[in-house]
Amino acid sequence: MSVTCTLCFHHCVLAQGQTGACRARGNRGGAIVPLNYGRLTALSLDPMEKKPLRRFYPGSRILSVGSFGCNLHCPFCQNAGIAAAGAESETRDCPPETLVREALRLRAQGNIGVAYTYNEPLVGYEYVRDCASLVRRAGMVNVLVTNGTAEEKPWRALLPLLDAVNIDLKGFSETWYRHLGGDLETVKRSIALAAASCHVEVTTLVVPGENDSEEEMRALSAWLASVDPAIPLHVSRFFPRHHMQDRPPTPVSTVYRLAEVARAQLRYVYTGNC
């Protein structure tokens, strides 16, 4: 029997045994199952600024966890080894209770919570939800670093458990988003809903020849300002990765120029990877 996954805009219709476009969710026994539940590919105590979050507990550290899978196929992915991988990935088992114990243990080293990051954490929605609930009960914070392409119902259900999110806004054209396998309007909705619920910062990776025009940055920053001009925007420099190793890095001057364009609309604009 085929089942439809309703977590993201892809709405994958999966026959028994099939796995979705994200490589992390599948039809097993007539139900959609997260294949990466409790399976971590990465676990690290990071500076909060690395998420990147610049205006949320600056100077603090946070236990950062990742698994495998992503529902986009960005050709420039910097974590393709896990984001473009599936259940064959080498992982360590870490149920929610174990993760929270580790987060509490690391308080002595400055840890203030858990960040779900590295791959696309929302393809493992159930794990993020279950961990976030326990982390919140333990008096620590939850941070999510995401491409923002979850459907509205699961996104709304998760937001009350989140203290901060960084959402990738990969550009401001449907053409570019379609090339990445994404959907711009879904991301815009996720940003607007999150801004009404928790601390939000946004990251845009500037790829030469794709989303690096002043016109696009002007439109992007104007829309973001219409949600809230105090939302921090990170304008980040591209480096050749994955299937885009034939491109040069973004000129630093381009990153600085586009940041200045954004500052005409937004209060807090930061440059990254420069």
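- An unreviewed UniProt entry lists the chain under the name AmmeMemoRadiSam system radical SAM enzyme, from Candidatus Gemmiger excrementavium.

1. A look at the overall build of the chain
And step 1. If you tally the helices and strands in the chain, you get eight helices and 14 strands.
And step 2. On C-alpha atoms alone, the chain measures out to a radius of gyration of 18 Å, which is about the 19 Å that the 2.2 N^0.38 rule sets for 274 residues.
And step 3. Seen through its C-alpha atoms, the chain measures out along the principal axes to roughly 50 × 45 × 35 Å.
And step 4. Here the chain, with 274 residues, has 54% of them falling under the buried criterion.

2. Re the layout of surface pockets
And step 1. Estimated volume of the largest pocket: approximately 1,000 Å³.
And step 2. Lining the largest pocket are 39 residues, with K51, Q78, N79, V145 and D168 sitting closest to its centre.
And step 3. Counting only elements with at least two residues in the lining of the largest pocket, the list comes to strand 10 (141-146), strand 11 (164-168), strand 12 (199-206), strand 13 (233-237) and strand 14 (269-272).
And step 4. Considering every element that reaches the lining of the largest pocket, the biggest residue donor is strand 12, with three residues.

3. As for the packing of aromatic side chains
Think of a pair of aromatic rings as described by two things: how far the centres are apart, and how the planes are tilted against each other in angle.
And step 1. Applying the stated criterion across every chain, the model contains four aromatic pairs.
And step 2. Between F76 and W176, the aromatic rings sit 6.0 Å apart at their centres with planes inclined by 25°, giving stacked as the arrangement. Taken together, the positions of F76 in the loop between strand 7 (61-66) and helix 1 (80-83) and W176 in helix 5 (residues 174-179) put the pair 100 residues apart, joining distant regions of the chain.
And step 3. With a relative accessible area of 6%, F76 lands in the buried category.
And step 4. The residue whose ring lies beneath R55 is Y268, and the NZ or CZ to ring-centre distance is 3.7 Å.

4. A short note on unusual backbone geometry
And step 1. At the junction of K51 and P52, the peptide bond is cis and its omega measures out at -5° in the coordinates.
And step 2. Checked against the element boundaries, P52 lands in the loop between strand 6 (42-47) and strand 7.
And step 3. Look at Y118: it is not a glycine, yet its phi comes out positive at around 75°.
And step 4. Backbone geometry at N273 places phi at a positive 65°, although glycine is not the residue there.

5. Quick notes on the sheet that holds strand 12
And step 1. Within the open sheet, the eight strands sit side by side as 6-7-9-10-11-12-13-14. Their pairing is mixed. In this open sheet, the two edge strands, each paired with only one partner strand, are strand 6 and strand 14. Taken pair by pair, the neighbouring strands of this sheet meet at an average axis angle of 20°, ignoring direction.
And step 2. Inspection of the sheet shows strand 12 paired to strand 13 by five bridges, in the parallel sense. By the bridge assignment, V202 is partnered in strand 13 with L233.
And step 3. With respect to the sheet, helix 6 (residues 184-195) is in contact with strand 11 and strand 12, its orientation differing from that of strand 11 by roughly 160°.

6. As for helix 6
And step 1. Counted at 1.5 Å a residue, the expected span for helix 6 with its twelve residues is 16 Å, and the 17 Å between its end C-alpha atoms agrees.
And step 2. Those residues of helix 6 that fall on the buried side of the exposure criterion are L184, T186, V187, K188, S190, I191, L193 and A194.
And step 3. Looking at the buried residues of helix 6, the elements they touch are helix 4 (152-158), strand 11, helix 5, strand 12 and helix 7 (214-227).

7. Digging into the side chain of S190
And step 1. By the element assignment, S190 lies in helix 6.
And step 2. Of note is the side chain of S190, whose polar atom sits 2.7 Å from the backbone oxygen of G148.
And step 3. When sequence neighbours within four positions are dropped, the list of residues in contact with S190 reads G148, A150, W155 and I167.

8. What about the pattern of salt bridges?
And step 1. Counting across every chain of the model gives 14 salt bridges.
And step 2. Among the salt bridges present, the one from R156 reaches E152, with a minimum N-O distance of 2.8 Å. With a gap of four residues between them, R156 and E152 both fall in helix 4, about one helical turn apart.
And step 3. What makes E152 partly exposed here is its relative accessible area of 31%.
And step 4. Its salt-bridge partner being R247, residue E210 comes within 2.9 Å of it at the nearest N-O pair.

9. Here's the deal with the pairing of strand 11
And step 1. Of all the five residues making up strand 11, four are buried; the element is thus mostly covered by neighbouring parts of the structure.
And step 2. Bridge count between strand 10 and strand 11: four bridges; the pairing is parallel. The residue bridging T146 from the neighbouring strand is I167, located in strand 11.
And step 3. For the segment spanning strand 10, helix 4 and strand 11, crossover handedness is right-handed.
And step 4. Pairing of strand 11 with strand 12 involves five bridges; the strand directions are parallel. Following the sheet pairing, V165 is matched in strand 12 by V200.

Scoring rules and cut-offs
- Residues numbered from 1 in each chain as written.
- Predicted model: local features only at pLDDT ≥ 70, side-chain atom pairs only at ≥ 80, totals over all residues.
- Heavy atoms only, no water.
- Helix = DSSP H or I, 4+ residues; strand = E, 2+ residues; numbered from the N terminus.
- Rg over C-alpha atoms; globule rule 2.2 N^0.38 Å.
- Buried < 20%, exposed > 50% of the residue type's maximum accessible area, 1.4 Å probe, protein only.
- 1 Å grid on protein atoms, 1.4 Å probe; cavity = no way out; pocket = protein on both sides within 12 Å on 5 of 7 lines; lining within 4 Å.
- Points joined across faces, edges and corners; volume = space filled by probe spheres on them.
- Phe/Tyr/Trp six-rings, centres within 6.5 Å; stacked < 30°, edge-to-face > 60°.
- Lys NZ or Arg CZ within 6 Å of the ring centre and 35° of its normal.
- Pairing = 2+ DSSP bridges.
- Axes fitted to C-alpha atoms, helices over the stretch in contact; angles between N-to-C directions.
- Contact = heavy atoms within 4.5 Å.
- Expected span 1.5 Å × (residues − 1).
- Polar contact = N/O pair within 3.5 Å; in protein donor to acceptor, adjacent residues only side chain to side chain.
- Salt bridge = Lys/Arg side-chain N within 4 Å of Asp/Glu carboxyl O.
- Right-handed = clockwise from strand over helix to strand, strands pointing away.

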